[in-house]
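The lines below spell out each chain.
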Amino acid sequence: MQIKVNDEYAIQSDTNCWAVCKWKNRTSGGNFEQITWHHTFSDAVSALARRMVRLSGAENLEDAIKDASHVKDTIRQAFDPKFRLEEL
C-alpha cells in the first residue's frame, strides 16, 4: 500500500513494516524511495512530521512553530478523518 502525503512524501507498507518515502526525480519520471522504516503506521507518520519540521528551514522558534502547524495541516489532509496526529 502507498499513501501519498504530498508531492514530496508518501508512506508505504509491506508485509513487515511501514516506510516513509521521498520523491526522487528520474529520467524516466521519478518514484518514491523508502528513506526510513517503522514498526507501526503511527510511528511512520510521527517520524515524517518531525522530519518535515526539521527540514522546514525555520530560522527561529516562531518560524518553527508556524512550520509545525503547516506540517500538521498537511498530514491531517492526507489522512483525515481516521488518523489523529499527536501535538509535536
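For the structure, see preceding data.
About the cut-offs
Residues numbered from 1 in each chain as written. Predicted model: local features only at pLDDT ≥ 70, side-chain atom pairs only at ≥ 80, totals over all residues. Heavy atoms only, no water. Salt bridge = Lys/Arg side-chain N within 4 Å of Asp/Glu carboxyl O. Helix = DSSP H or I, 4+ residues; strand = E, 2+ residues; numbered from the N terminus. Buried < 20%, exposed > 50% of the residue type's maximum accessible area, 1.4 Å probe, protein only. Core = buried A, V, L, I, M, F, W, Y, C linked by side-chain atoms within 4.5 Å. Contact = heavy atoms within 4.5 Å. Phe/Tyr/Trp six-rings, centres within 6.5 Å; stacked < 30°, edge-to-face > 60°. Expected span 1.5 Å × (residues − 1). Arc of directions from axis to C-beta. Polar contact = N/O pair within 3.5 Å; in protein donor to acceptor, adjacent residues only side chain to side chain.

### Side note on the pattern of salt bridges
Under the criterion given, the structure shown has five salt bridges. In this structure, E33 and R26 form a salt bridge, with 1.7 Å as the shortest nitrogen-oxygen distance. A salt bridge links K66 to E62, with the nearest nitrogen and oxygen atoms 3.5 Å apart. Here K66 pairs with E62, and both are found in helix 2 (residues 61-79), just four residues apart, close to one helical turn. On the basis of relative accessible area, K66 is assigned to the exposed category, the value being 51%. Look at E62 and you get exposed, because its relative accessible area is 52%.

### Some remarks on the nonpolar core
Formed by 15 residues in total, the largest nonpolar core has its most connected members in V5, I11, L48, I75 and F79. Elements with a minimum of two residues in this core: strand 2 (9-13), strand 3 (18-24), helix 1 (41-54) and helix 2. Among residues more than four places away in sequence, those in contact with F79 are I3, V5, I11, F41 and V45.

### What to know about the packing of aromatic side chains
As enumerated under the stated definition, the model contains two aromatic pairs in all. Their ring planes at 75 degrees and their centres at 5.1 Å tell us that W23 and F32 sit as a pair that is edge-to-face. For W23, a relative accessible area of 30% puts it in the partly exposed group.

### Remarks on helix 2
Over its 19 residues, helix 2 runs 27 Å from end to end, which matches the ideal 27 Å to within 8%, given 1.5 Å per residue. Buried within helix 2 are the following residues: V71, K72, T74, I75 and F79. Taken around the axis of helix 2, the buried residues stretch over an arc of 165 degrees, which confines them to a single face. Opposite its buried face, helix 2 presents the exposed residues E62, I65, K66, H70 and Q77, each directed more than 90 degrees away. If you follow the buried residues of helix 2, they end up packed against strand 1 (2-4), strand 2 and helix 1. Measuring from the backbone nitrogen of E62 back to the side-chain oxygen at the start of helix 2 gives 3.1 Å, which picks out N60 as the cap.

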